[in-house]
Amino acid sequence: MELAAIPDPGRLGPEQREASWRELAGQHFDVLVIGGGVVGSGTALDAATRGLRVALVEARDLAAGTSSRSSKLFHGGLRYLEQLEFGLVHEALRERELMLTRLAPHLVKPVSFLYPLHGRFWERPYVTAGLTLYDVMAGGRAVPRQKHLTRSGALRMAPALRPDSLIGAVRYYDAQADDARHTMTVARTAAHYGAVVRNSTQVTGFLREADRVSGVHVKDTENGQEADISASVVVNCTGVWTDELQQLAGGRGRFRVRASKGVHILVPRDRIVSDTGIILRTEKSVLFIIPWGSHWLIGTTDTDWHLDLAHPAATRGDIDYILEHTNKVLVTPLTHDDIEGVYAGLRPLLAGESEQTSKLSREHAVARVAPGLVAIAGGKYTTYRVMAADAVDAAAVDIPRRVAPSITDKVPLLGADGYHALVNQAEQIASRYGLHPHRVTHLLNRYGSLLHHVLALADDHRELLAPIPGSPDYLQVEVIYAASHEAALHLDDVLARRTRISIEYAHRGVDSAQPVAELMAGVLGWDAETVKREVEIYTARVAAERASQDQQDDASADAARVAAPEARPGLVGHVSPAPTH
């Protein structure tokens, strides 16, 4: 299939990938970022918009780790108020406001939650005080303030709740986003401002000049090519892999990172009758029931994980924990048969000596661990932009010229400019392309003002405006765009991250694998054998995840999950955590 030649900001397609390899090997960079999660992508954007020459390399896919497996919230974190982390909450709420109003209104949306009250005499004033502080810290008016409800008022809003599970409630607002799509958009915005962004590019060693780090050695995990990249400073933004990269660099860092596993499930929207999300207290932490399109996203767990970092596995015990606590408040209990999607992610927590993971700080830490090498870890998704600015500030010591201050609080992500006008024009756009207005709204909330670049790919191929077989929420043209503009290189990249088909449908993407692979083949030049291999690898991944979710313990679940083959043939070794002490 020949694609229309459409200039597109921040395009990450096959041509850009080929050119980026030559750039990585042939230039000296001010900043080289390792890690294509939200912090790494944010660091590349921050550095590029300060006028620095920047490269970002990621061993797997953009957002392949933690940044596609979060609770998908931009929030201050009510439980951090209880832990008296006021600075963290205030910082996070400021970031939430920026995302909603200026930086990413197309991707980040308000979401309401019901906080049930249970009758303890101190609870309503206690919750009121906390939420009032939450509202005050937020400052802006991007979301409504809290509202108190009687039991009957709460049950009208959420009929799914058992009447004996609450005496009243408070409704408050936070924000949510598709984390993988947001991270990818941050990376593409960095590319738009000049950063060289390349996934499937694994760091296998560090370069040194005397006592300082002067760059990295990388391997293309698609074709096995290797190259050296020269940089004034390398920034380690690898999250739960921070310790491993530090060991590869030849020493121990200034801090240690502990991986905490969080599991989420997705159930159809009609299984819980409610007009709002719900937040529940548990003996360990909190549990969110979050509206997610035609689903509810429910989680999370919070347990130490010491096994494979690339593929954390959800156990049956994890899923039972979520169901048990959710069913305590529901009139109609959920069962395993209701579950359509499951995913597990790892939080990179700054490790104390013996603290439980739910007690570990979500503050971040940044350190110049050696001349020419900076590491940043901890934090939470919501504060990625602040973390990125701190990382570049620390890296500035090793850059032999003046480094301008961070300006990313003034830099909208790609798709933000013009988004609101297009929302008002949704009906006209729908009429022009023969789509339902609701479909256009869905696309606008995924691409913003880049929508026209997506739809233009179907100008000469109107059949691409048909839904993906087996996954009617997504159009076939979105697969083409993912491969031609969004750096998708494998079937898993599209089904698990560019779309969320892998968690939003009971078939977990298997029923759509063949048609999606055939669409990608036209862009990426796959032959029939490659299409077959991609489908087989993806199907094996789903089978392994399903098998892991039948196991009772982490070790058994991990063994089931890692049995599946890797889509990227050239990845060096199995990634495993450094031992904890």
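Rules behind the numbers
Residues numbered from 1 in each chain as written. Predicted model: local features only at pLDDT ≥ 70, side-chain atom pairs only at ≥ 80, totals over all residues. Heavy atoms only, no water. Helix = DSSP H or I, 4+ residues; strand = E, 2+ residues; numbered from the N terminus. Rg over C-alpha atoms; globule rule 2.2 N^0.38 Å. Buried < 20%, exposed > 50% of the residue type's maximum accessible area, 1.4 Å probe, protein only. Contact = heavy atoms within 4.5 Å. Areas by Shrake-Rupley, 256 points an atom, 1.4 Å probe, with all protein chains shown as cover. Lys, Arg positive; Asp, Glu negative; His and termini not counted. Charge placed at Lys NZ, Arg CZ, Asp CG, Glu CD. 1 Å grid on protein atoms, 1.4 Å probe; cavity = no way out; pocket = protein on both sides within 12 Å on 5 of 7 lines; lining within 4 Å. Points joined across faces, edges and corners; volume = space filled by probe spheres on them. Phe/Tyr/Trp six-rings, centres within 6.5 Å; stacked < 30°, edge-to-face > 60°. Lys NZ or Arg CZ within 6 Å of the ring centre and 35° of its normal. Salt bridge = Lys/Arg side-chain N within 4 Å of Asp/Glu carboxyl O. Pairing = 2+ DSSP bridges. Nonpolar A, V, L, I, M, F, W, Y, C, P; charged D, E, K, R; others polar. Polar contact = N/O pair within 3.5 Å; in protein donor to acceptor, adjacent residues only side chain to side chain. Axes fitted to C-alpha atoms, helices over the stretch in contact; angles between N-to-C directions. Parallel < 35°, antiparallel > 145°, perpendicular 65-115°, else oblique. Left-handed = near helix turned anticlockwise from the far one by under 90°. Arc of directions from axis to C-beta.

*Asks:* Is there a simple way to explain the overall build of the chain in this structure?
*Replies:* Counting its regular elements, the chain contains 20 helices and 20 strands. Over its C-alpha trace the chain gives a radius of gyration of 23 Å, about what one expects of a compact globule, namely 25 Å for 581 residues. Its C-alpha atoms put the chain at 65 × 55 × 50 Å along the principal axes. Taken over 581 residues, the chain has a buried fraction of 63%. At a minimum sequence separation of 6, the contacts of the chain that also span at least 24 residues come to 74%. As displayed, the chain has an accessible area near 21,500 Å², and 52% of this comes from carbon and sulfur atoms. Computing the positive centroid from 62 side-chain charges and the negative centroid from 70, the chain places the two 5 Å apart.

*Asks:* Quick question: what am I supposed to make of empty space enclosed by the protein here?
*Replies:* By rolling a water-sized probe across the atoms, one finds the places where empty space is left. Taken as a whole and assessed by the stated rule, the structure comprises eight cavities of 30 Å³ or more. When its volume is computed, the largest cavity comes out at roughly 540 Å³. Lining of the largest cavity is provided by 34 residues; of these, Arg69, Asp492, Arg541, Glu545 and Arg561 occupy positions nearest its centre. For the lining of the largest cavity, the elements supplying multiple residues, two or more each, are β16 (341-350), α16 (491-498), α17 (501-504) and α19 (528-548).

*Asks:* Just to check I follow, could you spell out the environment of Gly13 for this structure?
*Replies:* Along the chain, Gly13 turns up in the segment before α1 (14-26). Sequence separation of Gly13 and His325 is 312 residues, and the distance between their C-alpha atoms is 44 Å.

*Asks:* Even after reading the chapter, I still don't get the packing of aromatic side chains, so can you show me in this structure?
*Replies:* Aromatic ring pairs are defined here through the distance separating the ring centres and the angle between the ring planes. Going through the model one piece at a time under the given rule, you end up with five aromatic pairs. Summarising the aromatic geometry, the rings of Phe74 and Tyr381 are spaced 5.5 Å apart at their centres and angled 85° between planes, so their arrangement reads as edge-to-face. Here Tyr381 lies in the loop between β18 (373-378) and α10 (384-395) and Phe74 lies in strand β3 (residues 73-74), a separation of 307 residues in the sequence. Exposure remark for Phe74: the relative accessible area of 1% places this residue in the buried category. We classify Tyr381 as buried; its relative accessible area is 12%. Arranged with centres 5.6 Å apart and planes meeting at 90°, the rings of Tyr447 and Tyr481 form a pair that is edge-to-face. In this pair, Tyr447 sits in helix α13 (residues 437-447) while Tyr481 sits in helix α15 (residues 476-485), placing the two residues 34 residues apart along the sequence. The structure contains a cluster of three or more aromatic residues connected by ring pairs, namely Phe74, Tyr381 and Tyr384. The residue whose ring lies beneath Arg269 is Trp296, and the NZ or CZ to ring-centre distance is 4.5 Å.

*Asks:* Looking at this model, I keep getting lost on the pattern of salt bridges. Mind explaining?
*Replies:* Where charged atoms from two side chains of opposite charge approach closely, those side chains can pair. Evaluated as defined, the whole model comprises 37 salt bridges. In this structure, the salt-bridge partner of Arg17 is Asp220, at a minimum N-O distance of 3.3 Å. With Arg17 in helix α1 and Asp220 in strand β9 (residues 212-220), this residue pair connects regions lying 203 residues apart in the sequence. You can call Arg17 buried: its relative accessible area is 14%. Owing to a relative accessible area of 1%, Asp220 belongs among the buried residues under this scheme.

*Asks:* Explain the pairing of strand β10 (residues 226-236) to me, please; I cannot follow it from the model alone.
*Replies:* One face of the sheet, then the other: side chains in a regular strand alternate in exactly this way. Burial within β10 is extensive, with eight of its 11 residues counted as buried. Pairing of strand β1 (residues 28-34) with β10, which is carried by six bridges, proceeds in the parallel orientation. Within β10, the residue paired with Phe29 across the bridge is Ala231. Remark: five residues form the turn of the hairpin made by β9 and β10, two consecutive strands paired antiparallel; Gly224 in that turn has positive phi of roughly 85°. Direction of pairing for β10 relative to β18: parallel, over a ladder of three bridges.

*Asks:* Before we go on, may I ask you to explain the layout of surface pockets in this structure?
*Replies:* Estimates place the volume of the second largest pocket at around 630 Å³. Taken together, the residues of the lining of the second largest pocket break down into five nonpolar, 10 polar and eight charged.

*Asks:* In this structure, what is going on with the side chain of Ser71? I would like to understand it.
*Replies:* Note on placement: Ser71 falls in the loop between β2 (54-57) and β3. Looking at Ser71, its side chain comes within polar contact range of the side chain of His264, at 2.7 Å.

*Asks:* Would you mind showing me how to read the pairing of β9 here?
*Replies:* Of all nine residues that make up β9, seven are buried, and the element is covered over most of its length. With eight bridges joining them, strand β8 (residues 201-209) and β9 adopt antiparallel strand pairing. Pairing of Gly205 across the sheet is with His217, part of β9. Between β8 and β9, which follow one another and run antiparallel, lie two residues, and Ala210 among them has a positive phi close to 60°. Pairing of β9 with β10 involves five bridges; the strand directions are antiparallel. Within β10, the position partnered with Gly215 by the bridge is Ser230.

*Asks:* Can you walk me through the packing of helix α18 (residues 510-524) against α19 in this structure?
*Replies:* Each pair of packed helices can be described by the angle between their axes along with the distance between the axes. As a packed pair, α18 and α19 sit with axes 9 Å apart at the nearest point and diverge in direction by 150°. It follows from the interaxial angle that α18 and α19 lie roughly antiparallel. When the axes of α18 and α19 are compared, the crossing they make is right-handed. Facing α18, whose interface residues are Val510, Ala513, Gln514, Ala517, Glu518 and Ala521, α19 presents Val531, Val535, Tyr538 and Val542.

*Asks:* Any chance you could explain unusual backbone geometry here in plain terms?
*Replies:* Leave glycine aside and you will find that most residues have negative phi; peptide bonds, for their part, are mostly trans. Each neighbour pair has its own omega, and for Gly299 with Thr300 the value is 25°, a cis peptide bond. For Ser200, which is not glycine, the phi dihedral falls at a positive 50°. Positionally, Ser200 belongs in the loop between β7 (196-198) and β8. The exposure class of Ser200 is buried, given its relative accessible area of 0%. The phi angle at Ala487 is positive, at roughly 70°, despite the residue not being glycine. By the element assignment, Ala487 lies in the loop between α15 and α16.

*Asks:* Is there a simple way to think about the side chain of Thr242 in this case?
*Replies:* Relative to the helices and strands, Thr242 resides in helix α8 (residues 242-248). In terms of polar contacts, Thr242 uses its side chain to reach the backbone carbonyl oxygen of Gly239, at 2.5 Å. Discounting chain neighbours no more than four positions away, the residues touching Thr242 are Asn236, Phe255, Val257, Ile376 and Ala377.

*Asks:* Sorry if this is basic, but what is going on with helix α12 (residues 426-433) here?
*Replies:* Because the α-helix completes a turn every 3.6 residues, residues three or four places apart line up on one side. All of the buried residues along α12 are Ala426, Ile429, Ala430 and Tyr433. An end-on view of α12 places all buried positions within 100° of arc, on one side of the element. Set apart from the buried face of α12 by more than 90 degrees, the exposed residues are Glu427, Ser431 and Arg432. Next to the buried residues of α12 lie α11 (419-424), α13 and α14 (451-456). Backbone geometry just after α12 places Gly434 at a positive phi near 70°.

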